[in-house]
Amino acid sequence: METEGRECAYHDHQRRLRCTECGLFVVQCQCEDVEHNAHHRLWGDDGKMIRAIRGEIGQHREAFPNTHYLMAGLVEATGDLMKSLIQQQIGNRQPAEVFHEAVKVAALAVRMGTEGDPDFPYEPYAVFGEESSST
Ligand SMILES: [Zn+2]
């Protein structure tokens, strides 16, 4: 499986290259025609948002690798989304700005679900197992 120049791959929070389709390391991926299948699945509105969320997750992990206060960040992002919706109603926000706030909420929710917040007892490993694809 080719790894260089592959589009359907992303770096996890430990900078390891993973398949966007199966979540395995790219060198372990056995997806067939992954670029074609991913292109179709990522073409729709959901796919566009999911791609934006993946990008936001990566940026957020780089900016804030520590998961302390992740839940507080999610609540703050949710408030920012609400504010942007209200501001759009009075003409002070563009739809793309509201979309980006929604992407941030989703990205933080994914991090909360996959990494947890040490301030709370939730353990992602209890859901995903020790062989989790995000660790
Ligand atoms: Zn794969």
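Owing to the predicted nature of the structure, the values given are computational and were not obtained by experimental measurement.

1. Some words on the packing of helix H2 (residues 45-63) against helix H4 (residues 95-115)
For the pair H2 and H4, interaxial distance at closest approach is 8 Å and the crossing angle is 65°. Crossing of H2 over H4 shows right-handed handedness. Facing Met-49, Ala-52, Ile-53, Glu-56, Ile-57, His-60 and Arg-61 of H2, the residues of H4 in contact are Phe-99, His-100, Ala-102, Val-103, Lys-104, Ala-106, Ala-107, Leu-108, Val-110, Arg-111, Thr-114 and Glu-115. For the contact of H2 with H4, a count of residues per class yields 11 nonpolar, three polar and five charged.

2. So, the side chain of Asp-117
Structurally, the position occupied by Asp-117 is in the loop between H4 and helix H5 (124-128). At 9.8 Å, Arg-111 is the nearest oppositely charged side chain to Asp-117, a buried residue that forms no salt bridge. Engagement of the side chain of Asp-117 in a polar contact is seen with the backbone nitrogen of Tyr-69, the distance being 3.4 Å. When neighbours within four sequence positions are excluded, Asp-117 is seen to be in contact with Thr-67, His-68, Tyr-69, Leu-70, Met-71 and Met-112.

Calculation notes
Residues numbered from 1 in each chain as written. Predicted model: local features only at pLDDT ≥ 70, side-chain atom pairs only at ≥ 80, totals over all residues. Heavy atoms only, no water. Axes fitted to C-alpha atoms, helices over the stretch in contact; angles between N-to-C directions. Helix = DSSP H or I, 4+ residues; strand = E, 2+ residues; numbered from the N terminus. Left-handed = near helix turned anticlockwise from the far one by under 90°. Contact = heavy atoms within 4.5 Å. Nonpolar A, V, L, I, M, F, W, Y, C, P; charged D, E, K, R; others polar. Buried < 20%, exposed > 50% of the residue type's maximum accessible area, 1.4 Å probe, protein only. Lys, Arg positive; Asp, Glu negative; His and termini not counted. Salt bridge = Lys/Arg side-chain N within 4 Å of Asp/Glu carboxyl O. Polar contact = N/O pair within 3.5 Å; in protein donor to acceptor, adjacent residues only side chain to side chain.

Spatial relationships are all this shows, so hold off on functional conclusions.
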